[in-house]
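# Structure assessment
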Amino acid sequence: MSPPPPLRRPPAPLELMEEILGEILLRIPPEEPAHLVRAALVSKPWLRVVSDPAFRRGYRELHRKPPLLGFVHNLYDEGPIPRFVSTVASPCSSPPPLGCRTWWALDSRHGRVLIHRHGPSDLVVWDPTTGDQQHLPLPPYPHAYYTGAVLCAKAGCDHLDCTGGPFLVVFVGTEDEEGSTWASMYSSETGGWSAMAIADLSASTAVDLHSYIEAKPSALIGDALYFTLELGKAVLKYDLAERSLTTVDAPETDGEMETGIFMAAEDGGLGFASIEGDNLHLWSWTGDGNTAGWKRCRVIRLQGLLPDRDPLFSHEVIGFAEGLDIIFLETPKAGVFTIDLKSEKSRKVGETGGYYAVLPYMSFCGPGQRAN
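Reading guide: rules and limits
Residues numbered from 1 in each chain as written. Predicted model: local features only at pLDDT ≥ 70, side-chain atom pairs only at ≥ 80, totals over all residues. Heavy atoms only, no water. Helix = DSSP H or I, 4+ residues; strand = E, 2+ residues; numbered from the N terminus. Buried < 20%, exposed > 50% of the residue type's maximum accessible area, 1.4 Å probe, protein only. Polar contact = N/O pair within 3.5 Å; in protein donor to acceptor, adjacent residues only side chain to side chain. Pairing = 2+ DSSP bridges. Axes fitted to C-alpha atoms, helices over the stretch in contact; angles between N-to-C directions. Parallel < 35°, antiparallel > 145°, perpendicular 65-115°, else oblique. Contact = heavy atoms within 4.5 Å. Nonpolar A, V, L, I, M, F, W, Y, C, P; charged D, E, K, R; others polar.

### Thoughts on unusual backbone geometry
- Of note, the phi angle at Arg64 is positive, near 65 degrees, even though the residue is not glycine.
- Positionally, Arg64 belongs in the loop between α4 (53–63) and β1 (68–75).
- Phi angles above zero are rare outside glycine, and Glu344 is one such case at about 60 degrees.
- With respect to the secondary-structure elements, Glu344 resides in the loop between β22 (335–340) and β23 (345–350).

Right, dumping it as structure tokens:
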């Protein structure tokens, strides 16, 4: 007869208390990092729990979607000097020291912000929660108009914590008002730019062959990035696998095209949001080949959600938080508001300032993660 297995030592009272405490703190909603910061200030055991890498990993895996922490924006009337605007009570970042007078924020995704620096002229990939900056040269191709996108390059990544991992940058440029539009991709793993892909705009009925690229944020949908062409009349699709460019014309609306934005639709495909009067119109690109086209799928009344509009001015869609279904709108006199497309609730997040576009920043942020 074999001896009985040894009895497992029960956890010590302190270990048990910290285990239970961790399970409780995991349930704190991530939308307000200040709650975890306050929990860490209660005592050393509480700080030890929330600072544990295993707790942070479990916290991300439980909540899945990185919350909106703020946005970077460029202003029309104060020069190309972007600022980081926090949308939470405990800011996790501040504008980075870049060693130059002017810079322009191009894109934000997977915990990173892409910045075009002027004097010296290069690109910077910035992590707002750690303060890390990685500088890379501009692609060796001529451009007078330009934009760009940044995204995680790790295979199979769930994008809950992309800090320190490999990344891709796609830069899109137009040579001049009579030149062609092209795209090139940079890999942090190879440290170089790909050969440029030339856009064929002949298939578009909304733009001509020499239309320029807009410096507006991109949309990542599936394995493709979408960039806005001249005044929002069309969108340029960059296939990440094939490294090719195609175009899709914007839907025909009764509003001004430049007040709209291309984004991910609620069905996961390409979408478009535009303002018509006091309503927000949401469109979805459906079908394939010759049957493909735009379908208006939803209309949201803005009366009651936003301050009353001046009849001489229109609201404008200036940003979209990927994965959160949150749209940013600028009102002429009351500032910047977000609208949650699921709940149709609005919230003021910025003051009046003449915004060109905003780049929402989403990431998990807790004690010890704020940039210096």
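Continuing now.
### Some points on the side chain of Ser187
- As for its placement among the helices and strands, Ser187 is situated in strand β9 (residues 181–187).
- For Ser187, a relative accessible area of 14% puts it in the buried group.
- A polar contact is formed between the side chain of Ser187 and the backbone nitrogen of Glu189, at a distance of 3.1 Å.

### Some thoughts on the sheet that holds strand β12 (residues 219–221)
- Overall, antiparallel pairing links the four strands, which are arranged β12-β13-β14-β15 in an open sheet. Lying at the two open borders of the sheet, with one neighbouring strand each, are β12 and β15 (244–249). The sheet shows a mean angle of 30 degrees between the axes of neighbouring strands, taken without regard to direction.
- The pairing of β12 with strand β13 (residues 224–228) spans three bridges and is antiparallel. The partner of Leu220 across the bridge, within β13, is Leu225.

### Some remarks on the packing of helix α3 (residues 44–51) against α4
- At their nearest, the axes of α3 and α4 sit 5 Å apart, and the two run at 60 degrees to each other. Taken together, the axes of α3 and α4 lie oblique to each other. Listed contacts from α4 to Val49, Val50 and Ser51 of α3 are Pro53, Phe55 and Arg56.
- A class-by-class count of the residues in the contact of α3 with α4 yields four nonpolar, one polar and one charged.

### Quick word on the sheet that holds strand β24 (residues 355–362)
- Here we have three strands laid out as an open sheet, ordered β2-β1-β24, and antiparallel in their pairing. Strand pairing shows two members of the sheet lacking a second neighbour, β2 (83–86) and β24, which therefore form its edges. Recorded for the sheet is a direction-independent mean angle of 30 degrees between the axes of neighbouring strands.
- Pairing analysis gives four bridges linking β1 to β2, with the strands arranged antiparallel. Across the sheet, residue Gly70 finds its bridge partner in β2, namely Ser86.

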